[in-house]
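# Commentary on secondary and tertiary structure
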Amino acid sequence: MTEKTQWQDILKKAKSGDSDAQVYVANFYFEGLTDSNQKLVVKQNYNLPYEWYKKSADLGNINGIIGLAGYFDTKIDGVRETEKAIGLYKKAIELGSSIAAFNLATVYRDKGKYKKAFDYYNLSMKMENSDYHYKVGLCYYYGIGVVADKLLAIRHFKKVVVDKLKTHSQDEKGLANYYLGLSYLTGDGLKKSLKLAKKHFEFANIDNDNNIALELTLLIGRNSNARPKWIKHST
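Presented here is a report on the structure given in the accompanying data block. All values derive from a computational prediction rather than experimental measurement.

Calculation rules
- Residues numbered from 1 in each chain as written.
- Predicted model: local features only at pLDDT ≥ 70, side-chain atom pairs only at ≥ 80, totals over all residues.
- Heavy atoms only, no water.
- Buried < 20%, exposed > 50% of the residue type's maximum accessible area, 1.4 Å probe, protein only.
- Helix = DSSP H or I, 4+ residues; strand = E, 2+ residues; numbered from the N terminus.
- Arc of directions from axis to C-beta.
- Contact = heavy atoms within 4.5 Å.
- Polar contact = N/O pair within 3.5 Å; in protein donor to acceptor, adjacent residues only side chain to side chain.
- Core = buried A, V, L, I, M, F, W, Y, C linked by side-chain atoms within 4.5 Å.
- Salt bridge = Lys/Arg side-chain N within 4 Å of Asp/Glu carboxyl O.
- Axes fitted to C-alpha atoms, helices over the stretch in contact; angles between N-to-C directions.
- Parallel < 35°, antiparallel > 145°, perpendicular 65-115°, else oblique.
- Left-handed = near helix turned anticlockwise from the far one by under 90°.
- Nonpolar A, V, L, I, M, F, W, Y, C, P; charged D, E, K, R; others polar.
- Patch = residues over 30% accessible without salt bridge, like charges linked within 9 Å, V, L, I, M, F, W, Y side chains within 5 Å.
- Areas by Shrake-Rupley, 256 points an atom, 1.4 Å probe, with all protein chains shown as cover.
- Phe/Tyr/Trp six-rings, centres within 6.5 Å; stacked < 30°, edge-to-face > 60°.

The complete set of buried residues in helix H12 (residues 211-220) reads Ala 213, Leu 216 and Thr 217. Along the long axis of H12, the arc covered by the buried residues comes to 105 degrees, so they all point the same way. H12 presents Asn 211, Ile 212, Glu 215 and Leu 219 as exposed residues on the side facing more than 90 degrees away from its buried surface. Where H12 is buried, its residues contact helix H10 (170-186) and helix H11 (194-204). Between a side-chain oxygen at the N-terminus of H12 and the backbone nitrogen of Ile 212 the separation is 3.3 Å; the capping residue is Asn 210. The first or second residue beyond H12 is Gly 221, which carries a positive phi of 110 degrees.

Grouped together as the largest cluster of nonpolar side chains are 64 residues, with contacts concentrated most on Val 25, Tyr 89, Leu 104, Phe 157, Tyr 178 and Phe 201. With 7 residues, H10 is the largest single contributor of residues to this core. Apart from residues no more than four positions distant in its own chain, Tyr 178 is found in contact with His 200, Phe 201, Ala 204, Asn 210, Ile 212, Ala 213 and Leu 216.

Once that is clear, we can look at the pattern of salt bridges. Think of it this way: side chains of opposite charge can pair up when their charged atoms draw near. Inspection of every chain in the model, using the stated rule, returns 10 salt bridges. Here Arg 109 makes a salt bridge to Asp 110, at a shortest N to O gap of 2.9 Å. On the basis of relative accessible area, Asp 110 is assigned to the partly exposed category, the value being 42%.

Moving on, we come to the side chain of His 168. Among the structural elements, His 168 can be located in the loop between helix H9 (150-162) and H10. His 168 sits in the buried class, given a relative accessible area of 7%. At 3.0 Å, the side chain of His 168 forms a polar contact with the side chain of Glu 172. Residues contacting His 168, with those up to four places away along its chain left out, are Asp 131, Tyr 132, His 133, Tyr 134, Val 160, Asp 163 and Lys 173.

The contact between H9 and H10 brings their axes to 8 Å, and the two run at 135 degrees. Judged on the interaxial angle alone, H10 and H9 are oblique. Of the two elements, H9 crosses H10, and the hand of that crossing is left-handed. Here Ile 154, Phe 157, Lys 158, Val 160 and Val 161 of H9 lie close against H10, whose contacting residues are Glu 172, Lys 173, Ala 176, Asn 177, Tyr 179, Leu 180, Ser 183 and Tyr 184. Class assignment of the residues belonging to the contact of H9 with H10 gives a composition of 8 nonpolar, 2 polar and 3 charged.

A cluster of nonpolar residues, Tyr 114, Tyr 142 and Ile 144, forms a patch on the protein surface that exposes about 310 Å² of accessible area. By secondary structure assignment, the location of Tyr 142 is in helix H8 (residues 133-142).

Here we take up the packing of aromatic side chains. All told, the structure shown has 18 aromatic pairs when counted by the stated rule. On the basis of an interplanar angle of 80 degrees and a centroid distance of 5.2 Å, the ring pair of Phe 118 and Tyr 140 is categorised as edge-to-face. Remark: Tyr 140 occurs in helix H8 and Phe 118 occurs in helix H7 (residues 114-126); sequence separation between them is 22 residues. An identical accessibility class is assigned to Phe 118 and Tyr 140; each is buried.

Listed below in structure tokens is the structure:
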């Protein structure tokens, strides 16, 4: 099935009232769609997503509600309607969406309301089938929206490294390893250990994309060029 055929099939379902298909249609209009030969299938149009997100949201589709909130929270024609976005995100949270809680945290972050932002980051982390320990760990580490607490930050970073739900990106795991390495290096929040600091810095730079971790590894001294063995942490 070609991209054009898929698009026509999704659009047909959306027009017949399929709320999931309506979200896909809105997304394609918002982002545009090209086929494997880079031929235009759906032209990007920032005005049309509203109609389809709203249709889906009116049918109670949680992704439609989140999509509509995201639409309001995006500057369309220079206007960002954050209050409408906040109301919709809260509605989606009531329906159990951890993504909505996380997105709402970013809205309050951008408004400079860091305490509320932290509360919603924390809520998103605690909701079912979600794992936002990295963002919560950063808040505790730097005292953004909450009293700084390196011990709690470290606890969250360790959960990121373990990644029990397989939801954290490689970048997040790498940065969590960096902060753990820094804590072992300085003895701030963890018992000082150059050996463990080195291991975490090696993991932080496992893709050769963290120059600071590399410099700190070289400062301590590498044992070998072998890939580091995974470090197990209790959760």
